[in-house]
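Analysis of the macromolecular model
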Amino acid sequence: MKTGRIMAEGENVTPRNVGKAITGLLALGLAAGVALVAGTNMIMSTLFPESAEKEDEE
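Residues numbered from 1 in each chain as written. Predicted model: local features only at pLDDT ≥ 70, side-chain atom pairs only at ≥ 80, totals over all residues. Heavy atoms only, no water.

Some details on the overall build of the chain
Within the chain, the regular secondary structure consists of two helices and zero strands. Carbon together with sulfur atoms contributes 66% to the accessible area of the chain, which is approximately 5700 Å² in total. (Helix = DSSP H or I, 4+ residues; strand = E, 2+ residues; numbered from the N terminus. Areas by Shrake-Rupley, 256 points an atom, 1.4 Å probe, with all protein chains shown as cover.)

Take a look at the structure:
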């Protein structure tokens, strides 16, 4: 006798669902990398403001 619930069509593991999950992880990783670089640039420009002024003078 079967007990429990029946899986819906969207719950099955298909190549399309796996592709969507991998794409989502890649997008999340890319967004985190961009945020890390932007934050690092902001911190470095705050710590060393004179280097940005020297580049403008040249």
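The discussion continues.
Remarks on a nonpolar patch on the surface
Together, Val13, Val18, Ile22 and Leu26 give the surface a local cluster of nonpolar side chains, amounting to about 410 Å² of exposed area. Here Leu26 falls in the exposed class, since its relative accessible area comes to 60%. (Patch = residues over 30% accessible without salt bridge, like charges linked within 9 Å, V, L, I, M, F, W, Y side chains within 5 Å. Salt bridge = Lys/Arg side-chain N within 4 Å of Asp/Glu carboxyl O. Buried < 20%, exposed > 50% of the residue type's maximum accessible area, 1.4 Å probe, protein only.)

Describing the environment of Asn17
Inspection of the secondary structure assignment puts Asn17 in helix H1 (residues 15-47). Classification of Asn17 as partly exposed rests on a relative accessible area of 30%. Engagement of the side chain of Asn17 in a polar contact is seen with the backbone oxygen of Asn12, the distance being 2.7 Å. (Polar contact = N/O pair within 3.5 Å; in protein donor to acceptor, adjacent residues only side chain to side chain.)

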